[in-house]
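Chain residues, written in single-letter form:
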Amino acid sequence: MYRAKVNHMSDQAPISRARDVRSEETLLSEGGKRAREILESITDAFFALDRSWRFTYANRQSYTLLGRQPGDLLGHNIWEQYPGLYGSEFEHVYRDAMDRHQERTVTAFFPDHDRWYEVRTYPSDEGIAVYFRNVTDQKRGEEDRARLAAIVDSSEDAIISKSLDGVIQSWNAGAERLFEYTAGEAVGRSITLIIPAERLDEERSIIARIRQGERVEPFETVRRTKSGRLIDISITVSPVRGGDGNVIAASKVARDITERKRADEALREVDRKKDEFIALLAHELRNPLAPIRNGLQVLRMADDRASRDRVREMMDRQLSHMVRLVDDLLDVSRINQNKMELRRSRVLLADVIASAVETARPQIDDAGHDLTVSMPGSPVYLDADLTRLAQVFSNLLTNSAKYTERGGQIWLSTERRGTDVAVTVRDTGIGIPAESLGHIFDMFSQVDRSVERSTGGLGIGLALVKGLVEMHGGTVTVASEGQGKGSAFTVTLPVLVDRPAFPVASPAAGQAAARPKRHILVVDDNRDGAESLAMMLGLMGNKVGTANDGLAAVEQAEALRPEVILMDVGMPRLNGLEATRRIREQPWGKGITIIAQTGWGQDDDKQRSREAGCDGHLIKPVDLQDLEQLLVELDRK
Ligand code: ADP
């Protein structure tokens, strides 16, 4: 756009009227006089030039606009007065009019006046007349409209306007994206284009409110796209008023909330699963309690050794089951919080599998399944945590045992695949429906079918498998042709470069032979816990004392001077960590082996007990083998 530069102007330019009027009178005809009166009164500028480019007339507005006094213009040559015009668009326009008799129009902005003028030339035989019409308002309106249109067009939201009888009048790019109709397809059609039939009433009530001049606050609803998809949107509708203040249309802003809805739904789903899980957890933890309680009763009443032994075995089994559940839970939560640590070393895949089979064997045999294991010809080494990896395969094997009807077949096969090894656990079991395959490894995910309720489980086994496998740099996949067609889980792990194994002495063999008898103090505020552990340790030949709070622990330690203290952490009066600190402060307390025993095995718990002066840390319920192993390790130090 051409931007005119106009010299300084003066609003109250003094006008020497006498001389002007005289010269004008000689130049204008009678009819022209009337025209002059009109021209003087208008707010637009108007001037005339003769064929020698001299001003022959200029109305009052011209002087203001051109920044001159009348005496400076009339009779003077325009190019001499305004040399800046040379080369400007005005020069072309004026010359086209003067030389070629062409009427021309140009719109220009006059910065000094902050106004837009439409400049129009009228050629005649005497010269040209030039008319400056102030079009600032119109121009600003256009600019505003363009700005608004740009905003509307760049909006992510769909912005639509419609008449009060529901005919679409405008449709922005956001609406094109959201509803898939182009503006060309939508404008002129009824808004019912995007309204599902069952929601037409909604539209009628919106229009009724808009007619009343009411704004319809954001509400959530559903609309249909061109391809027939139903989408969740949030809509705000506002009345559009005409110049007279009457409502003439409605403008509607619609926002896609499908994503938010999906996120809400996902949150609700997680919440629901968690609730379900807690119920299941309570159930699963309570299940072993009944047989254990019955067992206790039997122990109290039965006096033949055979039934007592049988019951003890049963109780042991139930307790192990419970401990396993709780361990799994802790493991999953550790993996989820990135707190699981692997103790990796060079291990033989065959050892991993053997350990897994040993764990799963009782369940496989109980269900009368047949297990076939096939290993690769040459040894495969992995950089892995043997116990954790064995846990992966024992989980898969026990699942196969659980989810296969009695007398089924289970295969565990291994296959080298380049630098990886793939281990597949396959069964002839109940299979997994296709729709469940995608989320079977999610936490708390269980296929909903009645058979599982009886087999039990928390739906975390496979989440644990996946977490552990991924920590080992591997992947796990599942395949099943559907209900009743069996399942196959394949774990792929990177193989360590093969090299011959070096012989390692088995530490377990040496230990069992010479288990030393010790003087042990068991500290636990749970009297039964302390008592039963003390009894077991006593039965194994140790000399054992007990204490049931921290203060008693310090006193007993001083009186008994044990070699080992098994110290509970959370206790009344004085907690175990504080008691440990006090014992360590004493000259007699420095050499005692103090082992913390807690329900929590997280890393920071271990860190805290170490800082308090404990030599080791065991998770309750204390497993005697773990305790023995730990004591042997501590002895070696
Ligand atoms: P849980 O066994 O405690 O329910 P998992 O995470 O181990 O939990 O398994 C999740 C679900 O996957 C099981 O509830 C079961 O529906 C299904 N599933 C796992 N392994 C098998 C299998 N071998 N055959 C059929 N379904 C299985």
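Refer to the structure above for everything that follows.
None of the values given here were measured: they were computed from a predicted structure.

(A) Broad picture of helix α12 (residues 289-301). The end-to-end C-alpha distance of α12, which contains 13 residues, comes to 19 Å, matching closely the 18 Å that a straight helix rising 1.5 Å per residue would cover. Contact partners of the buried residues in α12: α13 (305-336).

(B) Examining the packing of α13 against helix α18 (residues 461-471) more closely. Running from N to C, α13 and α18 point in directions that differ by 50°, and their axes come no closer than 10 Å. Of the possible angle classes, the one that applies to α13 and α18 is oblique. Judged by the sense of rotation from one axis to the other, the crossing of α13 with α18 is left-handed. Between α13 and α18, the residues in contact are D328, D331, V332 and I335 and L464, G467, L468 and M471, respectively.

(C) Inspection of unusual backbone geometry at higher detail. Non-glycine residue D114 carries a positive phi angle of around 55°. Residues other than glycine seldom take positive phi values, yet R573 does so here, at roughly 65°. Mapping R573 onto the fold places it in the loop between β20 (564-568) and α22 (576-585).

(D) Looking closely at the nonpolar core. One finds L382, V392, F393, L396 and L397 to be the most contacted residues of the largest nonpolar core, which totals 49 residues. Of the residues that make up this core, three or more belong to each of domain 3 (266-336) and domain 4 (345-494). For V392, the contacting residues outside a window of four places in its chain are V465, L468, V469 and V491.

(E) Seen up close, the pairing of strand β14 (residues 409-417). Of the strand pairs in this sheet, strand β12 (residues 370-374) and β14 are connected by five bridges, and their pairing is parallel. Of the residues in β14, the one forming a bridge with L371 is I410. Pairing of β14 with strand β15 (residues 420-427), which is carried by eight bridges, proceeds in the antiparallel orientation. Directly across from L412, in β15, lies its bridge partner V425. Here β14 folds back onto β15, and the loop between the two strands holds two residues, one of which, G418, carries a positive phi near 60°.

(F) Broad picture of the packing of α12 against α13. Taken N-terminus to C-terminus, the directions of α12 and α13 make an angle of 155°; their axes are 9 Å apart at the nearest point. With respect to α13, the axis of α12 lies roughly antiparallel. In the packing of α12 onto α13, the handedness of the crossing is left-handed. Residues L289, P291, I292, G295, L296, V298 and L299 of α12 touch α13, and the partners they reach there are R308, V311, R312, M314, M315, Q318, L319 and M322.

(G) A look at the side chain of R584. Mapped onto the fold, R584 is located in helix α22. At a separation of 2.7 Å, a polar atom in the side chain of R584 contacts the main-chain carbonyl oxygen of I592. Once residues within four sequence positions are removed from consideration, R584 is found in contact with G589, K590, I592, I594, A612, G613 and D615.

(H) How the structure looks around the pairing of strand β7 (residues 168-171). In terms of strand pairing, strand β6 (residues 158-163) meets β7 through three bridges, oriented antiparallel. The partner of I160 across the bridge, within β7, is W171. Linking two consecutive strands that pair antiparallel, namely β6 and β7, is a turn of four residues; a positive phi of about 85° is found at G166 within it.

(I) Representation of the sheet that holds strand β2 (residues 55-58) within the structure. Strand order in the open sheet made by the five strands is β2-β1-β5-β4-β3, with antiparallel pairing throughout. In this open sheet, the two strands that pair with only one neighbour each are β2 and β3 (105-110). Within this sheet the neighbouring strands show an average axis-to-axis angle of 20°, counted without direction. Looking at chain direction, strand β4 (residues 115-123) and strand β5 (residues 127-134) are connected through seven bridges and run antiparallel. Each bridged residue has a counterpart across the sheet, and for P123 the counterpart in β5 is I128. This element, helix α7 (residues 136-154), spans β3, β4 and β5 of the sheet and lies at about 125° to β4.

(J) Region of the structure containing α7. Here α7 contains 19 residues, and its C-alpha end-to-end distance of 27 Å stays within 8% of the 27 Å for a straight helix at 1.5 Å per residue. Considered for burial, the residues of α7 that qualify are T136, K139 and G141. Buried positions along α7 lie against β4 and β5.

(K) Geometry of the sheet that holds β14. The strand order across the open sheet built from five strands is β12-β14-β15-β17-β16, with neighbouring strands paired in mixed fashion. Every other strand in the sheet has two partners, leaving β12 and β16 (475-480) as the edge strands with one partner each. Recorded for the sheet is a direction-independent mean angle of 15° between the axes of neighbouring strands. Two strands pair when backbone bridges link them, and β16 and strand β17 (residues 487-494) are joined in this way by six bridges, in the antiparallel orientation. From the neighbouring strand, T477 faces β17, where its bridge partner is T490. On the sheet, helix α14 (residues 349-366) packs against β12, β14 and β15 and is oriented at approximately 180° with respect to β12. Across the sheet, helix α15 (residues 386-402) is in contact with β12, β14, β15 and β17; its angle to β17 comes to roughly 170°.

(L) Region of interest: the pattern of salt bridges. Tallying each qualifying case throughout the model produces 35 salt bridges. Note that R268 is salt-bridged to E265, the shortest N-O span being 3.1 Å. Of the two residues, R268 and E265 are both situated in helix α11 (residues 258-286); the distance of three residues between them amounts to about one turn of the helix. Owing to a relative accessible area of 52%, R268 belongs among the exposed residues under this scheme. You can call E265 partly exposed: its relative accessible area is 42%.

What counts, and where the lines are drawn
Residues numbered from 1 in each chain as written. Predicted model: local features only at pLDDT ≥ 70, side-chain atom pairs only at ≥ 80, totals over all residues. Heavy atoms only, no water. Helix = DSSP H or I, 4+ residues; strand = E, 2+ residues; numbered from the N terminus. Expected span 1.5 Å × (residues − 1). Contact = heavy atoms within 4.5 Å. Axes fitted to C-alpha atoms, helices over the stretch in contact; angles between N-to-C directions. Parallel < 35°, antiparallel > 145°, perpendicular 65-115°, else oblique. Left-handed = near helix turned anticlockwise from the far one by under 90°. Core = buried A, V, L, I, M, F, W, Y, C linked by side-chain atoms within 4.5 Å. Buried < 20%, exposed > 50% of the residue type's maximum accessible area, 1.4 Å probe, protein only. Domains from an automatic or database assignment. Pairing = 2+ DSSP bridges. Polar contact = N/O pair within 3.5 Å; in protein donor to acceptor, adjacent residues only side chain to side chain. Salt bridge = Lys/Arg side-chain N within 4 Å of Asp/Glu carboxyl O.

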